[in-house]
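Commentary on secondary and tertiary structure
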Amino acid sequence: MKGLVKNFKIPIIIACLQWGILLAIDADSAFFIYIRNAQGNVEASSVLLRWVTQLLALVLLCVIWSSGWLLAAKLRAGDRAYSRWFRFFSIYFGIQMLLMLILWPGTWAWDDIMTVEFSVRCYGIFAWQHIFTSIFQMVALHIFPFPAGIIIIQQLLIAICVATSLLLMEQSLGLKSLRNGALDTAIKLFPFLMPPVLMYQFSGYRNGPLVYLELLLVVLLLKEIKERKQRCAPIWYYIFLVSLLAVVAEWRSENIIYFATGACILVLRNYKKIYYKASIVVLALTLFTAAHQVQKYIMGEDDMYAIASTMRPAVELLRRAEPLKDKKEIADMSEVVDKNYVDSHPGMHGELVFGKAGIRDKHISHQAYQKYMKGLTNLIIKYPGVFLHERVSLFFAAMGIRGDGLQMTNVQHTVHLMDTSYANTHLDFMRNSGWLMVRPFAPELRKSLILALGQQAYDGKESPLFYVFWNGLIPIGFLIVALFYGIRKKNRLLFGLVAVLLIKMFAVILAEPSSWIMYYLSQYMAGYVLLSYWIIMMLSRTRIQKGA
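Described below are features of the structure shown in this document. Along each chain, the written sequence defines residue order, and numbers are assigned to residues from 1. For this predicted model, a pLDDT threshold of at least 70 governs which residues receive local features, and a threshold of 80 or more governs which side-chain atom pairs are given and counted, while totals over whole chains, interfaces and linings are taken from all residues. The side-chain numbers reported here are obtained from all heavy atoms of the structure, hydrogens and water having been left aside.

1. Notes on the overall build of the protein
The numbering of helices and of strands both runs from the N terminus, where a helix is a DSSP run of H or I of at least 4 residues and a strand a run of E of at least 2. Broken down by element type, the protein carries 26 helices and zero strands. Scaling as 2.2 N^0.38, a compact globule of 548 residues should have a C-alpha radius of gyration of about 24 Å, and the protein matches this with 25 Å. Expressed as lengths along the three principal axes of its C-alpha atoms, the size of the protein is roughly 75 × 65 × 55 Å. Relative to its 548 residues, the protein shows a buried fraction of 51%. Across the protein, every contact between residues at least 6 apart in sequence was considered, and the portion connecting residues at least 24 apart equals 75%. Throughout, the Shrake-Rupley method with a 1.4 Å probe supplies accessible areas, and for residues the shown protein chains are the sole cover considered. Summed over all atoms, the accessible surface of the protein reaches about 25,800 Å², with 66% contributed by carbon and sulfur. Each charge class in the protein can be summarised by its mean position, and for the 54 positive and 35 negative side chains these summaries are 15 Å apart. Radius of gyration here uses only the C-alpha atoms, and the compact-globule reference equals 2.2 Å multiplied by the residue count raised to the power 0.38. Throughout, exposure labels follow a simple rule: accessible area from a 1.4 Å probe, protein chains only, divided by the maximum for the residue type, with under 20% read as buried, over 50% as exposed, and the rest as partly exposed. Here, two residues are considered to be in contact whenever any of their heavy atoms come within 4.5 Å of each other. Positive charges are assigned to Lys and Arg, negative charges to Asp and Glu, while His and the chain termini are left out of the count. Where a charge lies is defined by one atom per residue type, namely NZ (Lys), CZ (Arg), CG (Asp) and CD (Glu).

Written as structure tokens, this is what we have:
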């Protein structure tokens, strides 16, 4: 540690000075307010969160400045790997910053505004969007105390993930490089410039940065498999890897499959000493368990999140249920959702019932929740066809093949950011919040770009290209083709990668509360990454054959 501080003394001093100046001018006051109790005193939890996240902001600044310092030294020394990494990073980050200026303050739309509106600005945790989301956003806001600051830090993180993933794919996973540098970079970067991916990585939703952390994690795990018999990396690398594994696996519940997969890979790694392997696996398990328990503690006895996730199938099953035959199940579910209300509103799906029937405002005991889940489970067993039909219909709606009227995106909300006649209480809050720099630099250009990315008109009517760019079945189709290709060629690495992604997709299908395409961003981006990989390999093979 002493040597590390000595080597990076100057950037660490710069980071500390920047952090100190932000504290001295009380930059936090431009965004944050303290939570106060009934007597007007500041809550201790609010103070604690402020200083924990302030220290994390200092760590982040030290990492950013030290990384920049190291990169500059490596580039001056002519290091080929760092030069290659910087090429990917600079091009992609440059594109991101250009888009940031146009999309300013980001593609904020609905729940992502709720996170900063109700919790983050008060030094609080919005558990529904996970503790990691609130902590990440608080840390970013300590550095840039305005909503766009979150997006700027997010883009930096994403660009680092993209550049690192591409470099590792070239070094360890056999990805070739084309002689035409511009064509090579364009093909490798296009999966990260697809409209749905961009619309969410410029938003405050957790899916935006998470999908890129997943990408980096998958590449690192594949690298571990390919190099399992080689000499182990330094311990700091494995601390980073298991920390990344814990974060990705915990940030969304369906990502638990990454933890199971990653733990197996680490166990099978050919470490020279058994205690080395045991220490790494135990550390991974400890970090994941700790994060999960903290999230669970903050959520408390609130089962409303799970109820909201099951409301769509619950409503359809109650419609099918027979008053006499299914009397017990109907009674078990009645404290949460009433069959009479469902039957009297035949055109209302579960998500609307959740809001219109006042379910989200009810105080539902844990015992009532357990009875509800028991009744719901029994109805699923009795009427599996109803359940599967509802789930599959919602999946196809999310895929965009039936139009934007059914697929949920953030396009039609965020495009109206400055439109005061548009009914969205969260956009109203952001407009009138008094926060710094919430107004777009170029409002009309912003609208045009968002509608171009969304392939929609201002009234929501989709263009023909919507069914290409926002069609989730196309990249999922690439994944399925890759799965069968892996089976045919006995490529266990490819087969295992795609199998994990598809298992995760089926988990989402069973649990998704609405038809948001963002739930499938992992599969969407992965499909186009595999397509990009295949195009590069085909072009490089053609070049070799022509040369021969």
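2. Structural notes on the pattern of salt bridges
Between side chains of opposite charge, a pair can form when the charged atoms approach closely. Each reported salt bridge corresponds to a side-chain nitrogen of Lys or Arg within 4 Å of a carboxyl oxygen of Asp or Glu. Considering all chains together, one arrives at 19 salt bridges under this definition. The salt bridge partner of Asp-184 is Lys-188, with a shortest N-O separation of 3.0 Å. Of this pair, Asp-184 and Lys-188 both sit in helix 8 (residues 181-189), separated by four residues, roughly a single helical turn. Taking the relative accessible area as the measure of exposure, Asp-184 reaches 1% and is therefore buried.

3. Side note on helix 10 (residues 207-226)
With 20 residues, helix 10 should reach 28 Å at 1.5 Å per residue; the first-to-last C-alpha distance of 28 Å fits that figure. For helix 10, the tally of buried residues reaches 18 of 20 residues, placing the bulk of the element in the interior. Expected span of a helix: the number of residues minus one, times 1.5 Å.

4. Concerning the packing of aromatic side chains
Note on aromatic contacts: the rings of Phe and Tyr and the six-membered ring of Trp form a pair at centre separations within 6.5 Å, being stacked when their planes are under 30 degrees apart, edge-to-face when over 60 apart, and tilted otherwise. Tallied over the entire structure, the rule returns 25 aromatic pairs. Ring geometry for Phe-132 and Trp-251: centres 5.9 Å apart, planes at 85 degrees, overall edge-to-face. In this pair, Phe-132 sits in helix 6 (residues 131-143) while Trp-251 sits in helix 11 (residues 235-251), placing the two residues 119 residues apart along the sequence. For the residue pair Phe-132 and Trp-251, the accessibility class agrees, reading buried in each case. Plain terms: the ring middles of Phe-395 and Tyr-520 are 5.4 Å apart, the flat faces sit at 75 degrees to each other, and that makes the pair edge-to-face. Separated by 125 residues along the polypeptide, Phe-395 in helix 19 (residues 384-398) and Tyr-520 in the loop between helix 25 (492-511) and helix 26 (521-547) bring together distant segments of the chain. A relative accessible area of 1% means that Tyr-520 is categorised as buried. Ring pairs connect the aromatic residues Phe-31, Phe-32, Tyr-123, Phe-429 and Trp-435, which therefore count as one cluster.

5. Regarding the side chain of Ser-172
Relative to the assigned elements, Ser-172 resides in helix 7 (residues 147-172). The term polar contact refers here to a pair of N or O atoms within 3.5 Å; inside protein, the definition further demands a hydrogen-donor-capable atom paired with an acceptor-capable atom, and it admits residues adjacent in sequence only when both atoms are side-chain atoms. One polar contact links Ser-172 to Glu-227, side chain to side chain, over a distance of 3.0 Å. Excluding anything up to four places from it in sequence, Ser-172 contacts Lys-223, Lys-226 and Glu-227.

6. What to know about empty space enclosed by the protein
Here a cavity means grid points, on a 1 Å grid over the protein atoms only, where a 1.4 Å probe fits yet cannot get out; a pocket means an open set of points with protein on both sides within 12 Å along at least five of seven lines; lining residues are those with an atom within 4 Å of a point. Grid points are joined across faces, edges and corners, and a volume is the space filled by probe spheres set on the points. Applying the stated rule across the entire model yields four cavities of 30 Å³ or more. Empty space within the largest cavity amounts to approximately 70 Å³. Around the largest cavity, the lining residues are Asn-207, Leu-210, Val-211, Glu-214, Arg-252, Glu-254, Asn-255, Lys-504, Met-518, Tyr-519, Leu-521 and Ser-522. Where the lining of the largest cavity is concerned, the elements lending two or more residues are helix 10 and helix 26. In terms of residue count, the dominant contributor to the lining of the largest cavity is helix 10 (four residues). Looking at the lining of the largest cavity residue by residue, the classes come out as five nonpolar, three polar and four charged. In this structure, the second largest cavity spans a volume of roughly 50 Å³. Contributing to the lining of the second largest cavity are Leu-166, Met-169, Leu-175, Lys-188, Pro-191, Phe-192, Val-529, Ser-532 and Tyr-533. Those elements giving two or more residues to the lining of the second largest cavity turn out to be helix 7 and helix 26. Amino acids outside the nonpolar list (Ala, Val, Leu, Ile, Met, Phe, Trp, Tyr, Cys, Pro) and the charged list (Asp, Glu, Lys, Arg) are all regarded as polar, and Gly is one of them. A per-class count over the lining of the second largest cavity returns seven nonpolar, one polar and one charged.

7. Observations regarding the nonpolar core
In summary, soluble globular proteins display a tendency toward joint burial of nonpolar side chains. Counting residues in hydrophobic clusters, the biggest one holds 136 residues, and the most contacted among them are Phe-192, Tyr-212 and Tyr-520. When residues of this core are assigned to their parent elements, the largest contribution, 15 residues, is made by helix 7. With residues near it in sequence (within four places) discarded, Tyr-212 still touches Tyr-92, Ile-158, Cys-161, Val-162, Phe-192, Val-197, Gln-201 and Met-525. If you look at the next biggest cluster of nonpolar residues, it comprises 25 residues, including Met-304, Leu-318, Met-348 and Tyr-383. Residue types Ala, Val, Leu, Ile, Met, Phe, Trp, Tyr and Cys, when buried and joined through side-chain atoms within 4.5 Å, form a set referred to as a nonpolar core.

8. Details of a nonpolar patch on the surface
Nonpolar side chains collect at one region of the surface, where Ile-235, Trp-236, Ile-239, Leu-283 and Leu-287 lie side by side and expose about 460 Å² of accessible area between them. Of all elements in the fold, only helix 11 and helix 13 (274-299) reach the threshold of two or more residues within the nonpolar patch. Top contributing element to the nonpolar patch by residue count: helix 11, with three residues. Checked against the element boundaries, Trp-236 lands in helix 11. Only residues whose relative accessible area exceeds 30% and that take part in no salt bridge are eligible for patches, with like-charged residues grouped when within 9 Å of each other and nonpolar side chains (Val, Leu, Ile, Met, Phe, Trp, Tyr) grouped when within 5 Å.

9. A word on the packing of helix 3 (residues 44-76) against helix 4 (residues 80-103)
The N-to-C vectors of helix 3 and helix 4 enclose an angle of 120 degrees; their axes lie 8 Å apart at closest approach. The orientation of helix 3 relative to helix 4 falls into the category oblique. For the element pair helix 3 and helix 4, the recorded crossing hand is left-handed. Two secondary-structure elements touch here, helix 3 through Leu-70, Leu-71, Lys-74 and Leu-75 and helix 4 through Tyr-82, Ser-83, Trp-85 and Phe-86. Of the residues belonging to the contact of helix 3 with helix 4, the class tally is six nonpolar, one polar and one charged. In this analysis an axis means a line fitted to C-alpha atoms, helices contributing only their contacting stretch, and an angle means the value between N-to-C directions, from 0 to 180 degrees. To sort the angles, those under 35 degrees are grouped as roughly parallel, those over 145 as roughly antiparallel, those from 65 to 115 as roughly perpendicular, and the leftovers as oblique. By convention, the crossing between two helices is left-handed when the near helix turns anticlockwise from the far helix through less than a right angle, and right-handed when the turn is clockwise.

10. Description of helix 5 (residues 111-118)
Most of helix 5 sits inside the fold, with six of its eight residues counted as buried. Taken as a whole, helix 5 has its buried residues at Asp-112, Ile-113, Met-114, Thr-115, Val-116 and Glu-117. Considering only its buried residues, helix 5 is in contact with helix 6, helix 7 and helix 21 (425-431).

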